[in-house]
Amino acid sequence: GRGYMRDSRLLAPILPDLGITPGLEEVKLFCKKLRVFLTQLEQFILAGDETRLSLLVYAATLEYNHTLGEIIKFTTVHATGNTTINASFPKAGLLTIIATNDATSGKVITFGTGFKSTGTLTGTVNKTAVVQFVCDGTSYWEISRTLNLV
């Protein structure tokens, strides 16, 4: 329709540089693929913003990989007890873990596979801890820890 005609006039000067013969059917196909690509790119960009913070469901073992984003957050559950966090598929960059302790008892969080930490994190009832790591592509190295945040 008219959209393709408008697109063909806008794209005509660059089509030969892209190796596309500037016929109407070729322009239609190119524009269709371009629209799909741009829609997917927009969804990817928006999803990237949304997934920078991942809320994890607390469990006895938590698994982290970089697709969860740069910030993960969870609240302990008294009935579950302590937890171990493991990291798979490390990717160079920063990771921030925000751990809020439940209202019943302090939980111990162990940094397992993939982490190089200064030790376990012992929670305080109703308080939050923030632990930051930097990853060299192999391991997540602890760089800071703040405890007993309200």
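Numbers given to residues run from 1 along each chain, matching the order in which its sequence is written. Reporting of local features is limited, given that this is a predicted model, to residues whose pLDDT is at least 70; pairs of side-chain atoms are given and counted only at 80 or more, and all residues count toward the totals for whole chains, interfaces and linings. Calculation of side-chain values draws on the structure's entire complement of heavy atoms; hydrogens and water are dropped beforehand.

## Re the overall build of the chain
- Secondary structure elements follow DSSP: runs of H or I no shorter than four residues count as helices, runs of E no shorter than two count as strands, and numbering proceeds from the N terminus. Scanning the chain for helices and strands turns up 2 helices and 10 strands.
- For the chain, the succession of helices and strands along the chain, N to C, is α-α-β-β-β-β-β-β-β-β-β-β.
- We call a residue buried when its accessible area falls under 20% of the maximum for its residue type, exposed when it is over 50%, and partly exposed in between, using a 1.4 Å probe and counting protein chains only. By the burial criterion, 29% of the 150 residues in the chain qualify as buried.
- In what follows, residue pairs with any heavy atoms lying within 4.5 Å of each other are defined as contacts. Taking the intrachain contacts of the chain between residues at least 6 apart in sequence as the baseline, contacts between residues at least 24 apart amount to 50%.

## Considerations on the sheet that holds strand E9 (residues 128-135)
- We call two strands paired when DSSP finds no fewer than two bridges between them. Pairing is mixed in the open sheet, where 6 strands are placed in the order E1-E3-E5-E9-E10-E7. The open sheet has two edge strands with one neighbour each: strand E1 (53-55) and strand E7 (115-116).
- As paired strands, E9 and strand E10 (residues 140-149) are joined by 7 bridges and run antiparallel to one another. Paired with Gln132 across the strands is Ser144, a residue of E10.

## Observations regarding the packing of aromatic side chains
- Only rings of Phe, Tyr and Trp enter the pairing, Trp through its six-membered ring, and a pair is recorded when the two centres are within 6.5 Å. The plane angle decides the type: under 30 degrees is stacked, over 60 is edge-to-face, the rest tilted. The full count for this structure, using the stated rule, is 6 aromatic pairs.
- A ring pair is formed by Tyr64 and Tyr140, whose centres lie 5.6 Å apart and whose planes are at 80°; its orientation type is edge-to-face. With a gap of 76 residues between them, Tyr64 in strand E2 (residues 61-64) and Tyr140 in strand E10 connect regions that are remote in the sequence. Residue Tyr64 shares its accessibility class with Tyr140, and that shared class is buried.
- Taking the centre distance of 5.6 Å and the plane angle of 35° together, the rings of Phe115 and Tyr140 count as tilted.

## Points about the side chain of Asn86
- For Asn86, the position within the fold is in strand E4 (residues 83-87).
- Side-chain polar atoms of Asn86 contact the side chain of Glu63, separated by 3.4 Å.
- In this structure, Asn86 is in contact with Thr61, Leu62, Glu63, Tyr64, Gly112, Thr113 and Phe115, ignoring residues within four places of it in sequence. Polar contacts here mean pairs of N or O atoms no more than 3.5 Å apart (in protein, one a potential hydrogen donor and the other a potential acceptor; neighbouring residues in sequence count only if both atoms are side-chain atoms).

## Re unusual backbone geometry
- For Asn126, which is not glycine, the phi torsion reads 60° and is therefore positive.
- Mapping Asn126 onto the fold places it in the loop between strand E8 (121-122) and E9.
- Positive phi outside glycine occurs at Asn148, with the angle close to 55°.
- Relative to the assigned elements, Asn148 resides in strand E10.
- Residue Asn148 is classed as partly exposed on the basis of its relative accessible area, which comes to 43%.

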